[in-house]
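Chain and residue survey
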Amino acid sequence: MSNKGLETKTHKMTEGNPLRTILLFAIPMILSNLFQQFYNVIDTIIVGKRLGTDALAAVGSASSITAVFVQLATGLALGGSIVIAQYFGAGKTEKIWQSMSTSVLFSAGVALVSTVAILAGAEPLLALVNTPEKIIGMGAGYLRFYFLGCVPIFVYNALNGVYVALGDSRTPLKFLVVSSVLNVLLDLFFIIGLQWGVVGAAIATAVSQFAAAVLAVKDIPKLLKEFGRGPDTPLFDKELLFTMLRFALPSALQQSIVSVGSVVVQATINSFGPAVIAGSAAAAKVVNLATAIPINYSNAYANYVGQNIGACKEERIRPGLVASIVSCGGLSLMLTAVFEIFPERIIRLFIEETEADIGQVIAVGTAYIRVVGAFLVVFSVFMLVKATFKGSGDMGWFILTTLLSFFIRLFLTVGFAHVVGVDIIWWAFCAGWTIALIVSIARYLQGGWRSKRITGPEDV
């Protein structure tokens, strides 16, 4: 079934200049995530400035747990996104509606189970990651109210995967702008106006996530109106789910392993006390803002790979990768300069100058930003090379390189932090990225990823 003549809210990436094609698709994705990271930064600034170091540390500890479930949502959404991108590239548009609804329903079910688990076990989880006793109560309150938005987070991620797969990166940007602005306004209202403390920050996030999910649910029929859907077609299809899970489960498992391991890393950080927790939490928000660019650029490039693999246009992939490395690497290099020149000023944005332990908080945050900032270009190239594996469906190597990077970080952190000092935690990021990049390049040049498509020439 051909896609010719379809309306243009969706976007084919199998034609045109690779740099222009990827860049135009990547920019809205980058802006979407930057808005999301921006409200996380504002949230952290408000908490640190208005509620103090202990509150900032409590949110930092809780965030290591919420990240596990956010990554799980992302991993599940990836399965639907890869399948839909390849079907779209191959012209098998009759599969798209059912793929979308199957992905959303399954993700929502997983989110419900996750919510129940957190509501029942917030305190034990925080204790498990060495959260200081005096901030466990605040952390547990934050977790429970944050997870009121768990189902919307999973649903939104599943629908965002559909938009990305079909080449529409502008519409999710609109949703994230609305959600981000709403989150900041609610932060100010709940924390400063109503004085609800860290619970207010969690409620603001939950409400804003719900708003983004509602907007996506209402809009998705407009995106899919050009694709056929039979009146008797079921919303949930087991065969399609199994196809998605072929990609989603390995990715979700990998994301979960990384996230659980990140909780172990957070536990190591927590063992150094509230000042170190606060400094690293502030720096992490800034680093996440910077890494959002290569992460989202690589997602755009992965979709480009998926559509071209589906359309049997593999010759377009290498020029797309080279163009992406040049453009994304250049952006990362500019951020490196900012991190190296202004690290202390950046950290001071997050903390109240009257805090007794401000010197240690600033020292920890500044070291974190400087070390990781120096390797942002390495991270960018690593994300782009392994995105080739994700887009083509070569999930084994995508997961292997991700886990390699992570386990190097975990080994160095847990094994040496209390021997050589807390700074090894930041250097561990860089060692993991560098070694995993070398392995990724070797796999890319070997070319085995080319044979992993779910469609063939007969589908085009």
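Figured I'd write up the structure that's included with this text.

The rules behind the values
Residues numbered from 1 in each chain as written. Predicted model: local features only at pLDDT ≥ 70, side-chain atom pairs only at ≥ 80, totals over all residues. Heavy atoms only, no water. Core = buried A, V, L, I, M, F, W, Y, C linked by side-chain atoms within 4.5 Å. Buried < 20%, exposed > 50% of the residue type's maximum accessible area, 1.4 Å probe, protein only. Helix = DSSP H or I, 4+ residues; strand = E, 2+ residues; numbered from the N terminus. Contact = heavy atoms within 4.5 Å. Axes fitted to C-alpha atoms, helices over the stretch in contact; angles between N-to-C directions. Parallel < 35°, antiparallel > 145°, perpendicular 65-115°, else oblique. Left-handed = near helix turned anticlockwise from the far one by under 90°. Nonpolar A, V, L, I, M, F, W, Y, C, P; charged D, E, K, R; others polar. Salt bridge = Lys/Arg side-chain N within 4 Å of Asp/Glu carboxyl O. Phe/Tyr/Trp six-rings, centres within 6.5 Å; stacked < 30°, edge-to-face > 60°.

1. Concerning the nonpolar core
Core analysis: the largest hydrophobic core is formed by 85 residues, its most contacted members being Y301, F339, I425 and W426. No other element matches helix 9 (residues 274-310), which puts 17 residues into this core. With sequence-adjacent residues up to four places away left out, I425 is seen in contact with V265, T268, I269, T413 and A417. If you look at the next biggest cluster of nonpolar residues, it comprises 33 residues, including I42, A73, L76 and I191.

2. Describing the packing of helix 9 against helix 13 (residues 376-392)
In contact at an axis separation of 8 Å, helix 9 and helix 13 are set at 25 degrees when each is read in the N-to-C sense. Classified by the angle between their axes, helix 9 and helix 13 sit roughly parallel to one another. With respect to the hand of their crossing, helix 9 and helix 13 are arranged in right-handed fashion. Contacts between helix 9 and helix 13 involve A290, T291, P294, I295, Y297, S298, N299, Y301, A302, V305, G306 and I309 from the first element and L376, F379, S380, M383, L384, A387, T388, K390, G391 and S392 from the second. Residue classes in the contact of helix 9 with helix 13 are distributed as 13 nonpolar, 8 polar and 1 charged.

3. Focus on the side chain of R409
With respect to the element layout, R409 can be found in helix 14 (residues 395-420). If we ignore the near neighbours within four places in the chain, the residues touching R409 are S262, V265, A428 and F429.

4. Section: unusual backbone geometry
Unlike most non-glycine residues, Q195 shows phi in positive territory, near 55 degrees. Note on placement: Q195 falls in the loop between helix 6 (170-193) and helix 7 (197-224). Take Q195: its relative accessible area is 64%, and that puts it in the exposed class.

5. Here we look at the environment of D187
Mapped onto the fold, D187 is located in helix 6. A relative accessible area of 0% places D187 in the buried class. Sequence separation of D187 and I203 is 16 residues, and the distance between their C-alpha atoms is 8.4 Å. Aside from chain neighbours lying at most four places away, what touches D187 is D43, I46, I192, G200, A201 and A204.

6. Some details on the pattern of salt bridges
As enumerated under the stated definition, the model contains 4 salt bridges in all. For the salt bridge of K134 with D54, the shortest nitrogen-to-oxygen distance reads 3.5 Å. Residue K134 is located in helix 4 (residues 133-146), and its partner D54 is located in helix 2 (residues 53-90); the two are separated by 80 residues in the primary sequence. Since its relative accessible area comes to 56%, K134 is described here as exposed. Using a relative accessible area of 29% as the deciding quantity, one classes D54 as partly exposed. Here R144 makes a salt bridge to E123, at a shortest N to O gap of 2.7 Å. You can see R144 sitting in helix 4 and its partner E123 sitting in helix 3 (residues 96-128), a full 21 residues away along the chain. Overall, E123 belongs to the partly exposed group, its relative accessible area being 34%.

7. Focus on the packing of helix 6 against helix 7
Two elements in contact, helix 6 and helix 7, have axes separated by 8 Å at closest approach and are oriented at 155 degrees. Between helix 6 and helix 7, the crossing angle belongs to the class labelled roughly antiparallel. Taken as a pair, helix 6 and helix 7 cross one another with a handedness that is right-handed. The residue makeup of the contact of helix 6 with helix 7, split by class, is 14 nonpolar, 8 polar and 2 charged.

8. Here's the deal with the side chain of T66
For T66, the location among the structural elements is in helix 2. With relative accessibility at 7%, the residue T66 sits in the buried group. Beyond its immediate chain neighbours, meaning those up to four positions away, T66 contacts L143, Y146 and F147.

9. As for the packing of aromatic side chains
Inspection of every chain in the model, using the stated rule, returns 15 aromatic pairs. Measuring from ring centre to ring centre gives 4.6 Å for F379 and W433, while their planes differ by 45 degrees; the resulting arrangement is tilted. A residue pair is termed long-range when its members are at least 10 positions apart, and F379 in helix 13 and W433 in helix 15 (residues 424-446) qualify at 54 residues. Classification of F379 as buried rests on a relative accessible area of 7%. On the basis of relative accessibility, which here comes to 8%, the residue W433 falls in the buried class. An aromatic cluster of at least three residues, connected via ring pairs, comprises Y368, F379, W426, F429 and W433.

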